[in-house]
Every structure is written in structure tokens, then in C-alpha cells.
Amino acid sequence: LDVQAKRQATGGITFGEDSSWQVEFEESFAYQETPDQTTAVGQIKADMQQAVAMDRLLCGDVGYGKTELAMRAAFKVVENGKQVAILTPTTVLCVQHGRTFTERFADFPVCIEVLNRFKTPKQAKDIIARTKAGRVDVLIGTHRLFSGDVGFKDLGLLIIDEEQRFGVEHKERLKKLRVNVDVLTMTATPIPRTLHMSLLGLRNISSLATPPLDRRSIMTTVTAYNKELIRKAIIRELNRQGQVFFLHNRVRTIEKKAWEIQKLVSDAKVT
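This is a predicted model, so every value here is computed, not measured.

Enquirer: For this particular structure, what's the right way to read the overall build of the protein chain?
Expert: What the protein chain contains, in helices and strands, is ten helices and seven strands. Dimensions of the protein chain, computed from the C-alpha atoms along their principal axes, are close to 65 × 45 × 40 Å. Residue pairs at least 24 apart in sequence account for 76% of intrachain contacts in the protein chain once pairs closer than 6 positions are excluded. Approximately 16100 Å² of the protein chain is accessible, and the part contributed by carbon and sulfur atoms is 54%. Charge separation in the protein chain, taken as the distance between the mean sites of 40 positive and 32 negative side-chain charges, equals 9 Å.

This is the structure:
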């Protein structure tokens with residue numbers, strides 16, 4: 001409540017209307033937008049064009065187009081001469097966002113950098129120095145963004161992916177970062193507290209409920225361990241020329257489990 005009251009009082013950055021570049025960027029999206037995406041992007045832009053700092057929660061299942069909307073918001077911020085910080089809970093997601101953003105912004109003069117544990121100290125130092133000098137437009141990072149040495153010249157938007165994955169301590173640091181900065185939080189699983197806050201009207205909420213064209217919904221089955229069932233599932237996936245991800249909970253016995261699976265499906269390549 002305290003942070004939100006300060007945000008209302010302080011005011012935020014008022015971003016301009018869509019430019020011709022923004023329209024060009026959005027039209028280069030390779031897929032057909034769903035009605036929900038169109039509504040949500042309108043709500044996000046309306047928030048950004050107001051003099052109050054945005055705090056919007058974007059809910060939607062995996063593959064429903066949250067990242068695309070985040071990229072459109074980021075584009076508007078960069079075009080208005082501000083910087084964007086993107087916070088991700090895992091290194092894998094950080095790398096993935098780095099790749100997606102780089103590909104999507106390829107035709108525009110936008111500098112995108114990724115900060116995570118795969119960067120050498122020398123690379124990290126260089127990225128941080130350029131970010132402080134304002135030469136990096138979009139910085140994508142893991143918890144590394146919380147480090148004391150990381151700073152921005154003119155931060156305009158903070159995008160948080162899966163906010164519920166960050167602990168209380170991190171959220172306290174976030175609050176310091178974000179008193180007058182626009183914040184867009186993305187989540188596939190809104191936890192009760194986050195949802196409760198949005199329902200109370202502390203933050204605005206946009207939902208993506210329509211699946212994109214041709215998207216199959218995910219089937220989840222909870223069952224006792226059954227070798228025959230596992231064998232059938234793997235074979236069905238291989239017949240589709242697909243890949244299987246098998247999650248095992250013990251490093252110590254992982255080799256044995258791999259050997260078991262190899263015996264179940266002898267012609268599959270198991271690594």
C-alpha cells in the first residue's frame with residue numbers, strides 16, 4: 001500500500017502515442033493476434049500514456065503471447081529514449097528471452113544485452129558500464145540485476161517474468177527500483193496474493209485466455225508409475241518426430257533411470 005501510494009503521488013513517465021516505427025514493429029509479428037492480445041496491448045499502452053506509473057499484471061498460459069506484448073511495451077519505451085530492465089527467475093529463461101528479443105528487434109537500432117552467470121566477469125563489467133552510461137536499451141537478467149553494481153541511466157520500464165518466483169528480500173529491492181517506473185509483471189500462474197492485490201485494485205490485470213490459432217491444449221495425467229504407459233507415451237511422441245523430456249528427482253540414480261528408459265524404448269536415443 002505504501003509503495004502504491006508513493007507511486008500515485010510521484011507520477012510516472014508519460015509515453016507518447018504509437019509512432020510509425022511502432023506500427024511497423026507490431027506488423028512484423030509473424031502470427032495472427034488473438035482478440036485477448038489486442039485488448040491487453042491496448043490496456044498496456046493506455047497505462048503507459050498516463051502520467052501515473054503503470055503496475056499491470058499480465059496473466060496467460062504458456063504460448064499465449066505474453067512475451068510479444070512485453071516486447072511491444074519495451075519498443076515504445078526504447079523509442080521514447082528510456083531503458084528497459086527484464087527480470088527472469090532462471091538463467092535458461094534469461095537466455096531464451098535474450099534470443100527472442102534479439103530476433104524480434106533485429107531490424108531496429110536497439111541494443112539488447114543479457115546479464116547472467118554465463119557471462120565472464122569482464123563481459124559483465126562491460127555490460128554494466130554501458131548500461132549505466134545509457135548505451136544499453138534493454139537489459140535482460142536473472143537475480144544478477146539485484147546486485148549493487150548494476151544501475152541504469154534512465155530506466156523507464158521494468159518487466160518481471162514469473163514474479164512469484166522471487167523471494168520477499170528481492171521484492172523489497174524491487175520496490176526501491178520501481179517507485180516511478182512503469183512495471184509489467186507476467187505470470188502463467190497468478191498466485192493468490194498477486195491475484196488478490198489485482199482484485200483489490202492495487203494493480204491492474206490483463207488476461208490472455210484465448211489460445212493462438214492451431215495451439216493444442218496441454219494434456220496432464222496424474223497416475224501411478226507404470227512402465228507400459230511410459231513406453232506408449234514415448235513411442236507416440238517419437239512417431240510424431242518429437243522429443244521427450246523425462247524428469248527424474250535424484251542425481252544419484254539418474255544413470256540407472258536412463259538405462260531403464262533405454263530398455264523400454266530400445267530405438268530411442270537417450271541422453
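Enquirer: Please explain the sheet that holds strand β2 (residues 83-87) as it appears in this structure.
Expert: Backbone hydrogen bonds are what pair the strands of a sheet, in a parallel or an antiparallel way. Spatially, β3-β4-β2-β5-β6-β1-β7 is the arrangement adopted by the seven strands of the open sheet, whose pairing is parallel. Because the sheet does not close on itself, it has two edges, and the strands there are β3 (112-115) and β7 (204-208). Put simply, the sheet's adjacent strands are angled 15° from each other on average, direction ignored. The pairing of strand β1 (residues 55-60) with β7 spans five bridges and is classified as parallel. Following the sheet pairing, Arg-56 is matched in β7 by Asn-204. Its contacts with the sheet put helix α3 (residues 35-48) on β1, β6 (182-187) and β7, and the angle it makes with β7 is roughly 160°.

Enquirer: Help me understand the side chain of Glu-68 in this model?
Expert: Relative to the elements of secondary structure, Glu-68 occurs in helix α4 (residues 66-79). Under the relative-accessibility criterion, Glu-68 is labelled buried at 5%. Polar side-chain contacts of Glu-68 include one of 2.9 Å to the side chain of Arg-104. The contacts of Glu-68, once residues within four sequence positions are left out, are Phe-29, Gln-37 and Arg-104.

Enquirer: Is there a simple way to explain the environment of Thr-189 in this structure?
Expert: Examined against the element boundaries, Thr-189 turns out to sit in the loop between β6 and α8 (192-200). Taking the C-alpha atoms as reference points, Thr-189 and Gln-164, 25 residues apart in sequence, are found 8.5 Å from one another. Discounting residues that sit within four places of it in the chain, Thr-189 has contacts with Glu-162 and Gln-164.

Enquirer: I would appreciate a short explanation of the packing of helix α9 (residues 227-239) against helix α10 (residues 254-264) in the present structure.
Expert: A packed helix pair is summarised by two numbers, namely the angle formed by the two axes and the spacing between the axes. One way to put it is that α9 packs onto α10 with a least axis distance of 10 Å and a crossing angle of 70°. For the element pair α9 / α10, the angle class is roughly perpendicular. Once α9 is placed against α10, the crossing between them reads as right-handed. Contacts between α9 and α10 involve Lys-227, Ile-230, Arg-231 and Ile-234 on the former and, on the latter, Glu-260, Ile-261 and Leu-264. Here the contact of α9 with α10 is composed, by residue class, of four nonpolar, no polar and three charged.

Enquirer: Sorry, what's going on with the packing of aromatic side chains here?
Expert: Here the distance between the centres and the angle between the planes together describe a pair of aromatic rings. For the structure shown, the criterion picks out eight aromatic pairs. Aromatic pair Trp-21 and Phe-108: ring centres 5.6 Å apart, planes at 70°, arrangement edge-to-face. Taken together, the positions of Trp-21 in helix α2 (residues 20-27) and Phe-108 in the loop between α5 (91-104) and β3 put the pair 87 residues apart, joining distant regions of the chain. On the accessibility criterion, Phe-108 (9% relative accessible area) is buried. Consider the rings of Phe-75 and Phe-108, whose centres lie 5.0 Å apart with planes at 85°: the pair is edge-to-face. Placement of Phe-75 in helix α4 and of Phe-108 in the loop between α5 and β3 is noted, with a sequence separation of 33 residues between them. Each member of the pair, Phe-75 together with Phe-108, is buried. For the cation-ring pair, Arg-72 lies above Phe-29, with the distance from its terminal atom to the ring centre recorded as 5.3 Å. Here Arg-104 stacks its cationic end above the ring of Phe-25, 4.2 Å away from the centre of that ring.

Enquirer: Honestly, the nonpolar core in this entry has me stumped. Any pointers?
Expert: Across soluble globular proteins, nonpolar side chains have a tendency to be buried as a group. In this structure, Val-84, Phe-101, Phe-105, Val-138 and Ile-159 are the most contacted members of the largest nonpolar core, which totals 34 residues. Residue assignment for this core shows that the elements contributing at least two residues are α3, α4, β2, α5, β3, β4 (138-141), β5 (155-161) and β6. In terms of residue count, α4 provides more of this core than any other element does, eight residues in total. If we skip the residues at most four places from it in the chain, Val-84 touches Ala-74, Val-77, Val-78, Asp-137, Val-138, Leu-139, Phe-152, Leu-155, Leu-157 and Ile-159. If you look at the next biggest cluster of nonpolar residues, it comprises 17 residues, including Ala-85, Ile-127, Ile-128 and Phe-166.

Thresholds, definitions, all that
- Residues numbered from 1 in each chain as written.
- Predicted model: local features only at pLDDT ≥ 70, side-chain atom pairs only at ≥ 80, totals over all residues.
- Heavy atoms only, no water.
- Helix = DSSP H or I, 4+ residues; strand = E, 2+ residues; numbered from the N terminus.
- Contact = heavy atoms within 4.5 Å.
- Areas by Shrake-Rupley, 256 points an atom, 1.4 Å probe, with all protein chains shown as cover.
- Lys, Arg positive; Asp, Glu negative; His and termini not counted.
- Charge placed at Lys NZ, Arg CZ, Asp CG, Glu CD.
- Pairing = 2+ DSSP bridges.
- Axes fitted to C-alpha atoms, helices over the stretch in contact; angles between N-to-C directions.
- Buried < 20%, exposed > 50% of the residue type's maximum accessible area, 1.4 Å probe, protein only.
- Polar contact = N/O pair within 3.5 Å; in protein donor to acceptor, adjacent residues only side chain to side chain.
- Parallel < 35°, antiparallel > 145°, perpendicular 65-115°, else oblique.
- Left-handed = near helix turned anticlockwise from the far one by under 90°.
- Nonpolar A, V, L, I, M, F, W, Y, C, P; charged D, E, K, R; others polar.
- Phe/Tyr/Trp six-rings, centres within 6.5 Å; stacked < 30°, edge-to-face > 60°.
- Lys NZ or Arg CZ within 6 Å of the ring centre and 35° of its normal.
- Core = buried A, V, L, I, M, F, W, Y, C linked by side-chain atoms within 4.5 Å.

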